[in-house]
Amino acid sequence: MDSPHTRGADVVVVGDGLIGLVTAWRAAQQGLKVAVVAPDPPVDGSASGTAAGMLTPATEATFGEEPLMRFGIASRDRYPAFVEELRADSGTDPCFRTGGTLQVAFDTDDLSKLTELGELQTRLGLDCARLTGREARRMEPMLAPSVRGGLFAPDDHSVDPRELRRALGAAAGRRGVARVPEAVAEVLVDADRAMGVLLASGTRIDADQVVLAAGAWTAALGGVPAGVVPPLRPVKGQLLRLRTPDGEPPIVGRTVRGLVRGSPVYLVPRASGEVVLGATQEELGGDTRLTAGGLWEVLRDGRELVPGVTELEVAEACVGLRPGSPDNEPLLGPTRIAGLHLAAGHFRHGVLFTPATGDAMAAVLTGKALPEFARRFAADRVDRTADRTADRATGRAVDRTTGRADRAAGTRPDHAPIGGGAAC
């Protein structure tokens, strides 16, 4: 994608990670003139460049997050067609890998937790099979003898996020998306309407619509009125990329997720022979330091499940910052500022949610309503929650979008109040 001297677009997307690029590509497919603005090289801690690429809503299922998992399932199920379309539009292979995901338990307490997870999966209608330890080792012979049992999700797959990002960039370029390799100093807002962005160089890009998709840094962009973008916290993740020696078979043939004394760990194989081993989840603000303790934890737990992992060569140690919203759910679509949209807050699920996010953003950027499958994650739920809170002060909670009143002031709304969600 080139960087035109003349600045102007129908849509400016701030951020060139997976979410920003899929938004730009889908918008360009709809005939919109699109520019993507982001520093080159990316800032340290970019999540798209470090993510493992698991597409695993079944094995990510968590009590209390059922709507989020349904969104994940809708996005996962889009992946085969999405990848074929992207491959045709970009001429690049995004390295989508099938084979299912095996989730295993290290000890009896871990197996008890997996049993509960299996019950949730059954209730959600997910295709998962319970396995004994012997059956799990039959699928993955390098698993430790101590593994007690597991679950196999045949529809949970993986993709290489770096190759996916490369393919999205190429597809967007072929669709005429302009790349502007600069930082945004300020979002231009006049009379409660987005007008474009001001670059750090002083250049102005005028646009009818602006999409903020800058990951963990989205809330730090200048010029946006207070309260429009909720605080997004960076959640640190450290992981290792390990290389299988030439001529040796891969240490795992599919994504393996595990619980080791209650701690999650995963191994994700790549077609190149690499295996991604991760990852920590640390609430440390913008800290992007690789630490001995963090990498030791990942290696310790990985070795408990697959002892041979310590014999692999270290190809790379990485750290990324996941963009977590206050309720840990994405923020999609229009805000109360006309022409200003969010595509942010995807937390641990940015890769998984990429196809569904692209479809949702293409709809709103062409004047349609946010699709039903994404409506729970509407960016303007921040303002609707404030309205509901005000109405509760009078003893009657009203949803401004439907006019319906809750039966009691204490009834939980469809969206947990921003700031009131459970922290991970």
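So, here is what we can say about the structure in this document.

## Describing the pairing of strand 7 (residues 149-153)
Most of strand 7 is tucked away, with five of its five residues classed as buried. Going residue by residue along strand 7, you find Gly149, Leu151 and Ala153 tucked away on one face and Gly150 and Phe152 tucked away on the opposite face as well. Summarising the sheet, strand 6 (residues 129-132) and strand 7 pair through four bridges and their orientation is antiparallel. Bridge pairing links Ala129 to Phe152 in strand 7.

## Some remarks on the sheet that holds strand 8 (residues 157-159)
The antiparallel open sheet is built from three strands, whose spatial order is 3-8-4. Lying at the two open borders of the sheet, with one neighbouring strand each, are strand 3 (54-55) and strand 4 (96-97). As paired strands, strand 4 and strand 8 are joined by two bridges and run antiparallel to one another. Within strand 8, the residue paired with Phe96 across the bridge is Val159.

## Some thoughts on unusual backbone geometry
Trans peptide bonds make up the majority, and among non-glycine residues the majority have a negative phi. Following Asp40, the chain continues to Pro41 via a peptide bond in cis, the omega torsion being 10 degrees. With respect to the helices and strands, Pro41 occurs in the loop between strand 2 (34-37) and strand 3. Despite not being glycine, Cys95 shows a phi value in the positive range, around 60 degrees. Despite not being glycine, Phe347 has its phi angle at roughly 55 degrees, a positive value. In this fold, Phe347 is placed in the loop between strand 19 (340-344) and helix 8 (354-365).

## Here we look at the packing of helix 1 (residues 18-29) against helix 8
For the pair helix 1 and helix 8, interaxial distance at closest approach is 8 Å and the crossing angle is 45 degrees. Relative to helix 8, the element helix 1 is oriented oblique. When the axes of helix 1 and helix 8 are compared, the crossing they make is right-handed. Contacts between helix 1 and helix 8 involve Leu18, Ile19, Val22, Thr23, Arg26 and Ala27 from the first element and Thr354, Thr357, Gly358, Asp359, Met361, Ala362 and Leu365 from the second.

What counts and how
Here the residue numbering is sequential within each chain, running from 1 through the sequence in written order. Owing to the predicted nature of the model, reporting of local features is limited to residues with pLDDT of at least 70; listing and counting of side-chain atom pairs is limited to 80 or more, with chain, interface and lining totals taken over all residues. No hydrogens and no water enter the side-chain calculation; it runs on all heavy atoms of the structure. The buried label applies to any residue whose accessible area, calculated with a 1.4 Å probe on protein chains only, is under 20% of its type's maximum; exposed applies above 50%, and partly exposed to all values in between. In DSSP terms, a helix is any run of H or I states spanning at least four residues, a strand is any run of E spanning at least two, and both are numbered starting from the N terminus. Note on pairing: DSSP must find at least two bridges between two strands before they are called paired. Note on definitions: angles span 0 to 180 degrees between N-to-C directions of axes, and those axes are lines fitted to C-alpha atoms, for helices only across the stretch in contact. For classification purposes, angles smaller than 35 degrees are called roughly parallel, those larger than 145 roughly antiparallel, those between 65 and 115 roughly perpendicular, and all remaining angles oblique. Should the near helix be turned counterclockwise from the far one by less than a right angle, the crossing is left-handed, whereas a clockwise turn marks it as right-handed. Whether two residues are in contact is decided by their heavy atoms: any pair within 4.5 Å suffices.

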